[in-house]
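An overview of the molecular structure
In case you want the letters, here they are:
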Amino acid sequence: MKLSEGAGTLSRLGEVAAGLHFRRTLLVVDPGLRGWEIHTRAAASLVDAGVAVDTFPDSEPNPDSATIERGRAFAAPLGIDSIIALGGGSALDTAKGLNFLLTNGGRMHGYRGYGKARR
């Protein structure tokens, strides 16, 4: 789900996440946004709405399978029920890769080719 664009939209992130019954989310932040106010405001909005937040610290531009594997190892023991990507394509690609492995299991190298994903 993409949150609408415009002034004040980020402040609604927690409300939207809670409305989707998120209880513990993984926040994947574009490397260019880490340390900026937007990252802390997003996390605060989620926490204020009662959503626990863990931030994946190793997202990077153009994530490769090693990045996704590190993300899986980081996220798997956390018990997350959702993933939110904040930023551009790097964060989105990382979040999609993490979702794929956390949902389907295994490691990236096991999915080369077609028709191997179960979910």
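Everything here concerns the structure above.
The text that follows walks through the structure, step by step, so that each part is easy to find. Bear in mind that the values here come from a model prediction, so they are computed numbers and not experimental data.

**A word on the pattern of salt bridges**
Throughout the structure, instances matching the rule amount to six salt bridges. Between glutamate 15 and arginine 12 there is a salt bridge whose closest N-O contact spans 3.7 Å. Of the residues examined, arginine 12 reaches a relative accessible area of 34% and is grouped as partly exposed. The residue arginine 24 makes a salt bridge to aspartate 54 at a minimum N-O spacing of 2.7 Å. With a gap of 30 residues between them, arginine 24 in strand E1 (residues 24–29) and aspartate 54 in strand E2 (residues 52–56) connect regions that are remote in the sequence.

**Quick notes on unusual backbone geometry**
If you check the backbone angles, histidine 21 has positive phi at about 70 degrees while not being a glycine. On the secondary structure map, histidine 21 appears in the loop between helix H1 (13–19) and E1. The phi dihedral of asparagine 62 falls on the positive side, at around 50 degrees, and the residue is not glycine. With respect to the helices and strands, asparagine 62 occurs in the loop between E2 and helix H3 (65–75).

**Some remarks on the nonpolar core**
With twelve residues, the main nonpolar core is built from Leu10, Leu13, Ala17, Leu27, Val29, Leu33, Ala42, Ala43, Leu46, Val51, Ile84 and Leu86. Broken down by element, the residue count for this core peaks at three residues, all from helix H2 (residues 37–48). If sequence neighbours within four positions are ignored, leucine 46 has contacts with Leu13, Gly14, Ala17, Thr25, Val51, Val53 and Ile84.

Quick notes on the rules
Residues numbered from 1 in each chain as written. Predicted model: local features only at pLDDT ≥ 70, side-chain atom pairs only at ≥ 80, totals over all residues. Heavy atoms only, no water. Salt bridge = Lys/Arg side-chain N within 4 Å of Asp/Glu carboxyl O. Buried < 20%, exposed > 50% of the residue type's maximum accessible area, 1.4 Å probe, protein only. Helix = DSSP H or I, 4+ residues; strand = E, 2+ residues; numbered from the N terminus. Core = buried A, V, L, I, M, F, W, Y, C linked by side-chain atoms within 4.5 Å. Contact = heavy atoms within 4.5 Å.

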